[in-house]
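# Working through the structure, step by step
What follows is each chain in one-letter form.
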Amino acid sequence: MSIEYKEIAGGVCAAAGFKAYGVHAGFRKNTTKLDLAMLVADKPCTAAGTYTKNKVFAAPVGVTRSHLADGIAQAVICNSGNANACTPDGYETAEASCAAVSAVTGIPAENVIVASTGVIGVSLPLEPLTGALPELYGALEASAVGADMAAQAIMTTDLKKKEFALSYEWDGKVIHIGGMCKGSGMIHPNMGTMLGFITTDAAVSSAMLDKALHAAIEDSFNMVSVDGDTSTNDMVCVMASGMSGADEILDENDAYKAFAGALNALCMKMASAIAADGEGATKFLRCEVTGAASREDARVLAKSVISSSLVKTAMFGADANWGRVICALGYSGVDIDMKTIDISFSSEAGSIDVCKDGGTLLFDEDIAKKILSCDSVMIHCNMHAGEFSAVAMGCDLSYEYVRINGDYRS
């Protein structure tokens, strides 16, 4: 089965049946920064979510998990500038936020997804939200402009807005899927790792939506590491309006496979954008592990390399210090044979082998530096132990990362 997934404009509003917008409500001191996003569907949608693995999780995560237990949602409300995490009134505030959305929209509070991002440990005031909601609801647009404003409003330390959309044809119908996400720091494997909101006009049961989402994050969001810190607030949620006119997907048939492929492609775009926009990043890094004994081994090995602070700093300095790579493979927990490992680096400037059979190779340091000085770098590790492979994504670790996180609250 060959399906063409086309990139289109529109973000979360590319799919039929969704409106979005973002405004400055007052959660952030900087009045030029949008800080409250809203996404509303024309009718109740099937929905699914994935959440942070951090045992210390924010109130919005707990509330959203409860609201999505029935697989139905119709709206998203998300503020930036305050995480509503580790505060005594967190759950009360998160539920009150949903109730405020319900009062304005008529949508049941239990059908509202609530999310927050920003500083931990500071109580979230309700006044900015309740004060801005009527204006925000009235401004909602089923357009690229609406999607753009919402995508901006969920950003914190992100340098770039992150929104994408795809379309594909199935059984004579055009199906759309779009998403927006945020994430720059506190990004580390094991979903959540960020905030992501996905919409589609495909008709998909909540059970199949949940299955497709969990499969999609395994090779996308769960393979990203910026700094080794798993956030308290992260979630990815998807809503399906069914307004494409296509038949509902109720089991793992060909229609499901086509949809799952689109969802996976979208999640890969979103996750790659997060990795490339890591706090203080100067390079987008990928680690490709091949020849592993199992898929899980390949995933663990690739994540170990991409998560290594020493590998990240070497890449920042364009230093072909492959010893740091093989070290990270060694402490991954996977049973490996050091004497079978080959390592190379590549970028648009070329490719260079730096390690063969676990030992050093003579290579030109100047050429290696040129390769590692590019904006996007691939680290290749061939384990020669099997037929499985995986790719992890991340970024380098720079002086700027320390500066950003040294005065994050100021």
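Just so it is clear, the structure is predicted and the values come from calculations on it, not from any experiment.

### As for the overall build of the protein
Each helix and strand in the protein was counted, giving 11 helices and 16 strands. Scaling as 2.2 N^0.38, a compact globule of 410 residues should have a C-alpha radius of gyration of about 22 Å, and the protein matches this with 22 Å. Dimensions of the protein along its principal axes, counting C-alpha atoms only, are 70 × 55 × 35 Å. Per-residue burial over the protein gives 56% buried out of 410 residues. Counted over contacts in the protein with a minimum sequence separation of 6, partners at least 24 positions apart contribute 80%. Only carbon and sulfur atoms are counted for the fraction: they give 52% of the accessible area of the protein, which is about 16,300 Å². The average position of the 30 basic charges and that of the 49 acidic charges among the side chains of the protein differ by 3 Å.

### A word on the pattern of salt bridges
Considering all chains together, one arrives at 11 salt bridges under this definition. Across the pair Glu163 and Lys161 runs a salt bridge whose closest N-O atoms are separated by 3.0 Å. Linking Glu252 and Lys211 is a salt bridge whose minimum nitrogen-to-oxygen distance equals 3.5 Å. Linking Glu252 in the loop between β10 (235–240) and α6 (254–276) with Lys211 in helix α5 (residues 206–218), this pair joins segments that are 41 residues apart in sequence. Taking relative accessible area as the criterion, Glu252 reaches 48% and is therefore assigned partly exposed. In this structure Lys211 comes out as partly exposed when scored by relative accessible area, which is 38%. Connected through shared salt-bridge partners, Glu218, Asp219, Arg295, Glu296 and Arg299 make up one network.

### Focus: the nonpolar core
Ranked by size, the top nonpolar core spans 55 residues in total, and within it Leu36, Met38, Ile77, Ile113, Phe197, Met235 and Met239 carry the most contacts. Sequence-distant contacts of Ile113, defined by excluding residues within four places in its chain, comprise Thr64, Leu68, Ala73, Ala75, Val76, Ile77, Phe197, Met235, Cys237 and Met239. If you look at the next biggest cluster of nonpolar residues, it comprises 38 residues, including Tyr168, Ile198, Met208 and Val238.

### Quick word on the sheet that holds strand β11 (residues 284–292)
If you trace the seven strands from one edge of the open sheet to the other, you get β9-β16-β11-β15-β12-β13-β14, paired in mixed fashion. Each end of this open sheet is capped by a strand with a single partner; those strands are β9 (224–225) and β14 (359–360). Taken together, the seven bridges between β11 and strand β15 (residues 376–382) define a ladder with parallel strand orientation. What sits directly across from Phe284, in β15, is Ser376. Most of the contacts of helix α9 (residues 322–330) go to strand β12 (residues 342–347), to which it runs at about 125°, and overall it touches β12, β13 (350–356), β14 and β15.

### Considering the packing of aromatic side chains
As enumerated under the stated definition, the model contains one aromatic pair in all. Taking 5.5 Å as the distance between ring centres and 75° as the angle between the ring planes, the aromatic pair formed by Tyr5 and Tyr168 counts as edge-to-face. Pair noted here: Tyr5 is in the segment before β1 (6–7) and Tyr168 is in strand β6 (residues 162–170), with a separation of 163 residues, a long-range link. Positioned above the aromatic ring of Tyr51 is the side chain of Arg65, whose terminal nitrogen or guanidinium carbon lies 4.7 Å from the ring centre.

### A word on the pairing of strand β2 (residues 18–23)
The element β2 is largely enclosed, with a buried count of five among its six residues. Bridge count between β2 and strand β3 (residues 36–51): six bridges; the pairing is antiparallel. Counterpart to Ala20 in the pairing with β3 is Leu39.

### What to know about α6
With 23 residues, α6 extends 33 Å from end C-alpha to end C-alpha; this agrees with the ideal 33 Å at 1.5 Å per step. By the N-cap criterion, in which a side-chain oxygen at the helix start approaches the backbone nitrogen of a residue two or three places on, α6 is capped by Asn253, the distance to Ala255 being 3.2 Å.

### Description of the environment of Arg295
Within the fold, Arg295 resides in helix α7 (residues 295–307). Judged by relative accessible area, which is 40%, Arg295 ranks as partly exposed. Measuring from C-alpha to C-alpha, the distance between Arg295 and Ser389 comes to 6.2 Å, with 94 residues separating the pair along the chain. If near-sequence neighbours (up to four positions away) are discounted, Arg295 is found in contact with Asp219 and Phe388.

### Re the side chain of Ser97
Assignment of secondary structure puts Ser97 in helix α2 (residues 90–105). Owing to a relative accessible area of 2%, Ser97 belongs among the buried residues under this scheme. Discounting residues that sit within four places of it in the chain, Ser97 has contacts with Val114, Leu126 and Leu129.

### Brief notes about the pairing of strand β7 (residues 173–182)
For β7, the buried fraction is high: seven of the 10 residues fall into the buried class. Two elements, β6 and β7, share nine bridges in a ladder whose sense is antiparallel. If you follow Glu163 over to β7, its bridge partner there is Met180. Between β6 and β7, which follow one another and run antiparallel, lie two residues, and Asp171 among them has a positive phi close to 55°. Here six bridges tie β7 to strand β8 (residues 195–200), and the two strands are oriented antiparallel to one another. By the bridge assignment, Ile177 is partnered in β8 with Thr200.

### Considering helix α3 (residues 127–139)
Note on helix geometry: an α-helix contains 3.6 residues per turn, so any two residues three or four positions apart are oriented the same way. Look at α3: 19 Å from first C-alpha to last across 13 residues, which is about the 18 Å you get at 1.5 Å a residue. The axis of α3 is deflected most strongly, by about 45°, at Leu133, and proline Pro134 appears within four residues downstream. Of all the positions in α3, only Pro128, Leu129, Ala132, Leu133 and Leu136 are classed as buried. Of the surrounding secondary structure, the elements contacted by the buried residues of α3 are β2, β3, β4 (72–82) and α2.

### Remarks on the packing of α7 against α9
Packed helices, taken two at a time, are described by the angle their axes make and the gap between the axes. Axis separation between α7 and α9 bottoms out at 8 Å; the angle between their running directions is 135°. Classified by the angle their axes make, α7 and α9 are oblique. Like other packed secondary-structure pairs, α7 and α9 cross with a definite hand, here right-handed. Across the interface between the two elements, Leu301, Ser304 and Val305 from α7 touch Val325, Ala328 and Leu329 from α9.

Parameters and conventions
Residues numbered from 1 in each chain as written. Predicted model: local features only at pLDDT ≥ 70, side-chain atom pairs only at ≥ 80, totals over all residues. Heavy atoms only, no water. Helix = DSSP H or I, 4+ residues; strand = E, 2+ residues; numbered from the N terminus. Rg over C-alpha atoms; globule rule 2.2 N^0.38 Å. Buried < 20%, exposed > 50% of the residue type's maximum accessible area, 1.4 Å probe, protein only. Contact = heavy atoms within 4.5 Å. Areas by Shrake-Rupley, 256 points an atom, 1.4 Å probe, with all protein chains shown as cover. Lys, Arg positive; Asp, Glu negative; His and termini not counted. Charge placed at Lys NZ, Arg CZ, Asp CG, Glu CD. Salt bridge = Lys/Arg side-chain N within 4 Å of Asp/Glu carboxyl O. Core = buried A, V, L, I, M, F, W, Y, C linked by side-chain atoms within 4.5 Å. Pairing = 2+ DSSP bridges. Axes fitted to C-alpha atoms, helices over the stretch in contact; angles between N-to-C directions. Phe/Tyr/Trp six-rings, centres within 6.5 Å; stacked < 30°, edge-to-face > 60°. Lys NZ or Arg CZ within 6 Å of the ring centre and 35° of its normal. Expected span 1.5 Å × (residues − 1). Polar contact = N/O pair within 3.5 Å; in protein donor to acceptor, adjacent residues only side chain to side chain. Bend = angle between axes of the 7 residues up to and from the residue. Parallel < 35°, antiparallel > 145°, perpendicular 65-115°, else oblique. Left-handed = near helix turned anticlockwise from the far one by under 90°.

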